[in-house]
Each structure stands twice: as C-alpha cells, then as structure tokens.
Amino acid sequence: MRALRIGNASGFYGDRFDAMREMLTGGDLDVLTGDYLAELTMLILGRERLKDPGAGYARTFLRQLEECLGLAHERGVKVVANAGGLNPAGLAMAVRELAARLGLPVRVAHVEGDDLTAAHPRSLAAHAYLGGFGIAACLREGADVVVTGRVTDAALVTGPAAAHFGWRPDDYDRLAGAVVAGHVLECGTQATGGNYAFFTDHDVRRLHHPGFPLAEIDEDGTAVITKHPGTGGLVDVGTVTAQLLYETGGARYAGPDVTTRLDTVRLTQEGPDRVRIDGVRGEPPPPTLKVGLNRLGGFRNEVTFVLTGLDIEAKAGLVRQQMADAMAKSPPTEVRWDLVRTDRPDAPTEETASALLRLVIRDPEQQVVGRALSGAAVELALASYPGFHVLAPPGKGAPYGVFEDVYVPHGAVDHVAVLNDGRRVPVAPAHETAVLDALREPPLPEPLPNGPWKRAPLGLVAGARSGDKGGNANVGVWARTEEAWRWLAHELTVDRFRQLIPESGQLKVTRHTLPNLRALNFVVEGILGEGVAAQHRFDPQAKALGEWLRSRHLDIPEALL
C-alpha cells in the first residue's frame, strides 16, 4: 500500500491564511489537516460563545474553505481540522451550507464527545482530549471534510492514517509512529525552519516564507517529513528534533490512543528536505483522559513606567511606594513589579538610557484593577520621579483566564462520529490501558576527556525550543554532534539549569534524557502561574525560555567551539 501523504496548513488560530491554498496547489496530498486550538484559544472561543451560543468555532477556517473547498474537492484531498473548537456541529453545518452555496457535493462529518463543561459548572469550557478513531470513523464512512472539537493535535494525523491503513486500536507501534509524525506537523512551519535555533546557519532568504510540512506515512507507521518542492524553509534532522521536543515531557508521551515512547524515535536525513522517522514504539494508553478546564480568574491591569538616566533603582523605589500608598484603600489581591534594566550608561539615545518598570495587578473585582490603578498612575504625572512617563496609560482592566487540567476515565466521554446524513457512530473507549509510570533514566554517554575550556554561550553548541503546558514550561535542549552530546549530558544537570535560569530556583525541575535524539528535556513546574491566559510572566507561554537558556554562559570545552 502506498504511503499516505498528509499535509498541515495551520499551527494555530491566526496562522498564515494562504497556507491552505499553498498546500493544495504546491504538490500531491491525500489529506490536509489544520490545528486551530490551544489552551488560550479555548478560552477565547468560550468567551465568544457567552455572547453568541452559535459561535465557538474558528471562523478563519470557514473563510479559507470558501476559497479552497472547490480546489480540495477537485484534487480529491480530504480536509481534517479541529477548527470546530467548542461547537463542531455548528461548524459542520456552516461547511455544508458553504458547499451547497458553491455547488459542491461534499460530505461533511464531525466528532463530538469532548465537551464536559456541564460536569464542571465553575468552568467556562471543559473539554477532554479525544484520540483519532472518531476522525477515522468519519473518513471510513466517506467524509470529505471532518471537523472536530478538542482532540489531541496528533489525532489529526493518527485518525486519517488509521482509516487509510485499517489500523486497529491495539496497533500501538503504528499509532505511535503516526503520533510522532503528527506532533512534528502540528505546529506548521516550526518543522520547516520557523523559530529554529540555528537559523543563522542557513541562507536566511530561505526562511522568509517557509513552506508548511507534510508527512509521507507508511503502513507500518514509519514516516518521512518533507515539504512541497520549491517552497521556502528547510527540513533536516535539526528542525524535526526541535519540533519533536516542543511541549513534551518525559520519554513516555501519553495520548488517548497510545502512549508513545519518545526514547525510541530515530531520525535520519534521507535526502534534501527529507527526514525519516522510524523505530517508534507504542504502549497502551493511560487509563484516563486529560480534560482542559478554562475559567475566568478575575481581572488584571498593568502599567509600565519608563525610568531614564541616573538613579534608576531610586526612581523605581519612589514610584513603587507612591503606587502602594495610592492603592492602600482598596489593595488588589495580587501585585507584581518587574524592573527590566534595558538602560545603558552614557547611552547615545534616550531609549537606550531607559529602564522599564512594569506593574501588574489582579483582583476578582474589575473596579479594583480599573480606575484605582489608572487614577493612581495618571495623578503621579507631575508628582513623582524626574522624567516621569509611561508607555501607555492603563485601561479599565480586562478579564483573564485560568487553565488547569484534570483527568477522567475513558468511559466518561461519549466519543461519537456524526456523519453527513446524521447517523451517529459510537467510538469505543480504549479496551486496554496501562498506568503511566516513569521510565528509569537511561545511561549517560562517556564524558569528554578533560581539556581546555572557554567561557561561552550554551547556544554555540546546543539548540533549544521551549513552550507551555498549563502553568508548566518545557525546555528541550539538543546537541548536533556526538561529542557535544557527551558534554551536554553531563554538564546540563538540574542544578546547572537552575543556575542558568534563576526563575526556576525554587520550582520543581525534572530532567528527562533522550539519547536517540541527543537531547534533554526539562519540565519546570509552576513557572507560568495559572497558564498563558493569566499572563503571569513577561513571556507567558515560555516561547523564548529556551533562547534565554542558550544565551547563558558556561564553561565549554574548546574542542566543541
């Protein structure tokens, strides 16, 4: 049976609009997927649904289909997307109406069962992460377009692969291979040179408009990651490794269909812009499903004071005390100050002579963070430190969200494929499960022999990519050579990580070792507070945490530099 060619056209809600057309016209495809959901997106869609019960799905997807549905139908490409968000039935109906308006005989199906909001009344949206077999059921029954709500990102690939090859729920190795391919595809151009640590090693013109990735999946679950010929970007072992480490934890990567053993993944450069993935092993999924809960946490507001020239610390101290006095009558529940020393001595421009002092406050009541803050900040305009001004006056305060995850048994959801003719096909829960135990850490490679060293940035010898999972962050770090791996595996311990990233000093940090990828994955618990929607820190999704780590200096063997 020939390989199944699955492409991706969206890594998030707001990704490149023209990507769907680019993927449909750039080369051969069997299936085109789109990932539109993230923790923050579910909160945004939940707030939209409060205003309009008919909302709750990614409207961008519908506009893309208006341009491309005829093209997909003409080329025989199935479209599978999680753009249904909180309302997959509503999106499916809208796609049917669009197809009728365009005169296209397109069969549209959707997947239900993820919505558990009724069981969690304090949440704005509570959705279980479903697997790929609902998608597979839709495709086996002849659907041309399948829209889902909250499924795992990789399910957009495992579902079509299971339908095409006839995989059973216990084909764990095959499913695990498809999960790895799906995880590489899910963030779009992050697999083809986007956000890549070693981008300066390549002709930057290639990265101006990177093409979206596709996977050629074989019946045994092995895959080749590539892109359409002539498109920008690049696909090599480094770009695939970077995406593979993104937003993962340990060697066991749990999902609703299969637990994937990331420590078994082998990557091989098969040719230009072609990376083969093989050797992936799978195990039964855990006995529970993850449920993402989004709720409104209260209201937040912020103001950034600009401190210029001399006496930066004293200026910061003065305005902090003035603001504390002004807010004392109705103090917010949470107050956070951050002084960012962007200033330089004897600076050639006013901007480079200035530091930024950021104040963020949170409270259950909007009036506490609204007028109380804006009035206090504005009234100091002529009564505070010399050179007083702010980047922008604070507003009325805005609601913020809180994300948390809970777990329910597989049987707690009614996973259903709803076909074009209205028939409902139940999807059985996993019949075999296994408790997700941590694996014993593998042996480390032989350390490098002693030799001269030089103080230099970690990023000269190691790549990194980081991201968020609720309030936690992960930082995947990998070496590009065996010699660099022999040094990295021994040098970058949890203690060293804490030294380099002082924010993590009082937090739980776990290191996972993945020798096949020459990689370490660090999970930092609680560094993002209550998740991205809470805007807990300067970089609320930890997108640049890995690049900060790469910029830190330590003693590196000269032989590696």
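Residues numbered from 1 in each chain as written. Predicted model: local features only at pLDDT ≥ 70, side-chain atom pairs only at ≥ 80, totals over all residues. Heavy atoms only, no water.

## Remarks on the environment of N294
Next up, step 1: Looking at where N294 falls in the secondary structure, it is placed in strand β14 (residues 288-308).
Next up, step 2: In this structure the C-alpha to C-alpha distance between N294 and A456, which are 162 residues apart in sequence, comes to 42 Å.
Next up, step 3: In contact with N294, other than residues within four places in its own chain, are E39, M42, L43, S123, L124, A125, V402 and F403. (Helix = DSSP H or I, 4+ residues; strand = E, 2+ residues; numbered from the N terminus. Contact = heavy atoms within 4.5 Å.)

## Here we look at unusual backbone geometry
Next up, step 1: Of note in the backbone geometry, D311 takes a positive phi value of approximately 55° without being a glycine.
Next up, step 2: Judged by relative accessible area, which is 56%, D311 ranks as exposed.
Next up, step 3: One non-glycine residue, D346, lies in the positive phi region at around 50°.
Next up, step 4: The residue D346 is located in the loop between β15 (334-340) and β16 (354-363) in this model. (Buried < 20%, exposed > 50% of the residue type's maximum accessible area, 1.4 Å probe, protein only.)

## Some remarks on the packing of helix α3 (residues 59-75) against helix α4 (residues 88-102)
Next up, step 1: Following both chains from N to C, one finds α3 and α4 inclined at 25°, their axes separated by 10 Å at the closest point. Comparing their axes, α4 and α3 come out roughly parallel. For the crossing formed where α3 meets α4, the hand is right-handed. Of the residues in α4, those touching α3 at F61, L62, L65, E66 and L69 are L91, A94, V95, L98, A99, R101 and L102. (Axes fitted to C-alpha atoms, helices over the stretch in contact; angles between N-to-C directions. Parallel < 35°, antiparallel > 145°, perpendicular 65-115°, else oblique. Left-handed = near helix turned anticlockwise from the far one by under 90°.)

## Notes on the sheet that holds strand β22 (residues 462-469)
Next up, step 1: Spatial ordering of the open sheet is given by β22-β23-β25-β24, a layout of 4 strands whose pairing is antiparallel. The outermost strands of the open sheet, each flanked by one partner alone, are β22 and β24 (509-514). In this sheet, neighbouring strand axes are inclined to one another by 15° on average, regardless of whether the strands run parallel or antiparallel.
Next up, step 2: Of the pairings in the sheet, the one linking β22 to strand β23 (residues 472-479) comprises 8 bridges and is antiparallel in character. From the neighbouring strand, S466 faces β23, where its bridge partner is V475. (Pairing = 2+ DSSP bridges.)

## Considerations on the layout of surface pockets
Next up, step 1: Roughly 400 Å³ of internal volume is contained in the second largest pocket.
Next up, step 2: Elements represented by at least two residues in the lining of the second largest pocket include exactly α5 (133-140) and β20 (424-426).
Next up, step 3: Classifying every residue of the lining of the second largest pocket gives 15 nonpolar, 6 polar and 4 charged. (1 Å grid on protein atoms, 1.4 Å probe; cavity = no way out; pocket = protein on both sides within 12 Å on 5 of 7 lines; lining within 4 Å. Points joined across faces, edges and corners; volume = space filled by probe spheres on them. Nonpolar A, V, L, I, M, F, W, Y, C, P; charged D, E, K, R; others polar.)

## Brief notes about the sheet that holds strand β13 (residues 281-283)
Next up, step 1: Spatially, 3 strands are ordered β9-β10-β13 in an open sheet, and the strand pairing comes out antiparallel. The strands lining the two open edges of the sheet, one partner per strand, are β9 (252-253) and β13.
Next up, step 2: Bridge count for β9 against strand β10 (residues 259-261) is 2 bridges, and the pairing is antiparallel. Bridge assignment links Y253 to a residue of β10, and that residue is T260.

## Examining the side chain of R511
Next up, step 1: Mapped onto the fold, R511 is located in strand β24.
Next up, step 2: With no salt bridge to any partner, buried R511 finds its closest opposite charge in E441, at an N-O distance of 4.9 Å.
Next up, step 3: A polar side-chain atom of R511 sits 3.0 Å from the main-chain carbonyl oxygen of A489.
Next up, step 4: In this structure, R511 is in contact with E441, L444, L488, A489, L492, T493, V494, L520, N521 and F522, ignoring residues within four places of it in sequence. (Lys, Arg positive; Asp, Glu negative; His and termini not counted. Salt bridge = Lys/Arg side-chain N within 4 Å of Asp/Glu carboxyl O. Polar contact = N/O pair within 3.5 Å; in protein donor to acceptor, adjacent residues only side chain to side chain.)

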